[in-house]
Amino acid sequence: MSNHYTRTAITLHWAIALLIFANFPLGVYMHDLPLSPDKLRLFSYHKWVGVTVFMLTMLRVLWRITHRPPPLPVAMPRWEKLAAETVHYLLYALIFAVPLSGWLMSSAKGVQTVWFGVLPLPDLVNKNKELGDLLKEVHEGLNFVMLGLVLAHIGAALKHYFIERDGVLARMIPFLGRKS
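Note that the structure is predicted; figures quoted are calculated from it, not measured.

## A word on the overall build of the chain
- For the chain, the helix and strand inventory stands at four helices and two strands.
- Helices (α) and strands (β) of the chain occur, in sequence order from the N terminus, as α-α-α-β-β-α.
- Over its C-alpha atoms, taken along the principal directions, the chain stretches across nearly 55 × 30 × 25 Å.
- Counting across all 180 residues of the chain, residues that qualify as buried make up 34%.
- Partitioning the intrachain contacts of the chain with sequence separation of at least 6 by distance along the chain shows that 69% fall at a separation of at least 24.
- If the 18 positive side-chain charges of the chain are averaged to one point and the 11 negative ones to another, these points end up 10 Å apart.

Here it is in structure tokens:
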């Protein structure tokens, strides 16, 4: 078994990460803007990115099911392996749940999601103001939970690179493992 993720897994990981890193601050920024054509355009962009993350995540999960990740270092403590696995599963769940909650919220608020302004996606629930307001809170809360897990994930990766020096980060960034 290789000590690195496949190129496909690496590409999907970084594409999803970059989209999330762009979309989270966009969502925070546009949240309190007054209603205007600019705000509506930003909401469209936000939804396009969210749907794209959702679709790429489906591909990533299918890839992960058929391609096992490289093993963690044998010397890594059992609790740390369990923590890493738990955070990964929670991140997978959230990168599905966050866009899905946004899509559900848009549906409940009566605002259809049109991917890239071309492909209308079906509403997942009927228009319902109370449900839309609840889903807005759920969407925001899930985003902040994901932010915490992403920060923990990044912190752990940096710990393994700078402190442990065990090659864990090089599994997802292969050029870090090359010796000059």
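## Description of the nonpolar core
- One finds I16, I20, V53, L91, I95, M146 and L149 to be the most contacted residues of the largest nonpolar core, which totals 15 residues.
- Looking at this core, the elements that each hand over two or more residues are α1 (7-31), α2 (37-66), α3 (78-108) and α4 (129-164).
- At six residues, the largest contribution of residues to this core is made by α3.
- For V53, the residues in contact, after removing those within four places along its chain, are I16, L19, I20, I95 and P99.

## Some thoughts on the packing of aromatic side chains
- This structure, assessed with the given rule, holds seven aromatic pairs.
- For the ring pair W48 and F116, a centre distance of 5.6 Å and an interplane angle of 45 degrees mean the geometry is tilted. With W48 in helix α2 and F116 in the loop between β1 (114-115) and β2 (119-120), this pair connects stretches of sequence that are 68 residues apart.
- On the basis of an interplanar angle of 85 degrees and a centroid distance of 4.9 Å, the ring pair of Y161 and F162 is categorised as edge-to-face.
- In this structure Y161 comes out as partly exposed when scored by relative accessible area, which is 33%.
- Site record: aromatic cluster; members linked through ring pairs are Y45, W48, W115 and F116.

## Observations regarding the pattern of salt bridges
- Summed over the entire model, instances satisfying the criterion amount to five salt bridges.
- With its nearest N and O atoms 3.2 Å apart, the salt bridge here joins D133 to K109. On the criterion of sequence distance, the pair formed by D133 in helix α4 and K109 in the loop between α3 and β1 is long-range, its members being 24 residues apart.
- Salt bridges sharing partners connect three or more residues here, namely E80, K159 and E164.

## Focus on the side chain of K39
- Within the secondary structure, K39 sits in helix α2.
- Comment: no salt bridge for buried K39; closest opposite-charge side chain is D32, at 6.6 Å.
- Non-local contacts of K39, meaning those with residues more than four positions away in its chain, are made with M30, H31, L33 and P34.

## Some thoughts on a nonpolar patch on the surface
- Together, L18, F21, L151, I154, L158, Y161, F162 and I163 make up an exposed nonpolar region whose accessible area comes to about 800 Å².
- Of all the elements in the fold, those that place two or more residues in the nonpolar patch are α1 and α4.
- A total of six residues in the nonpolar patch trace back to one element, the largest contributor, which is α4.
- One can find F162 in helix α4.

## Points about the packing of α1 against α2
- Two elements in contact, α1 and α2, have axes separated by 9 Å at closest approach and are oriented at 155 degrees. Taken as axis vectors, α1 and α2 run roughly antiparallel relative to one another. As α1 runs across α2, the sense of the crossing is left-handed.
- Residue classes in the contact of α1 with α2 are distributed as 17 nonpolar, nine polar and two charged.

Parameters at a glance
- Residues numbered from 1 in each chain as written.
- Predicted model: local features only at pLDDT ≥ 70, side-chain atom pairs only at ≥ 80, totals over all residues.
- Heavy atoms only, no water.
- Helix = DSSP H or I, 4+ residues; strand = E, 2+ residues; numbered from the N terminus.
- Buried < 20%, exposed > 50% of the residue type's maximum accessible area, 1.4 Å probe, protein only.
- Contact = heavy atoms within 4.5 Å.
- Lys, Arg positive; Asp, Glu negative; His and termini not counted.
- Charge placed at Lys NZ, Arg CZ, Asp CG, Glu CD.
- Core = buried A, V, L, I, M, F, W, Y, C linked by side-chain atoms within 4.5 Å.
- Phe/Tyr/Trp six-rings, centres within 6.5 Å; stacked < 30°, edge-to-face > 60°.
- Salt bridge = Lys/Arg side-chain N within 4 Å of Asp/Glu carboxyl O.
- Patch = residues over 30% accessible without salt bridge, like charges linked within 9 Å, V, L, I, M, F, W, Y side chains within 5 Å.
- Areas by Shrake-Rupley, 256 points an atom, 1.4 Å probe, with all protein chains shown as cover.
- Axes fitted to C-alpha atoms, helices over the stretch in contact; angles between N-to-C directions.
- Parallel < 35°, antiparallel > 145°, perpendicular 65-115°, else oblique.
- Left-handed = near helix turned anticlockwise from the far one by under 90°.
- Nonpolar A, V, L, I, M, F, W, Y, C, P; charged D, E, K, R; others polar.

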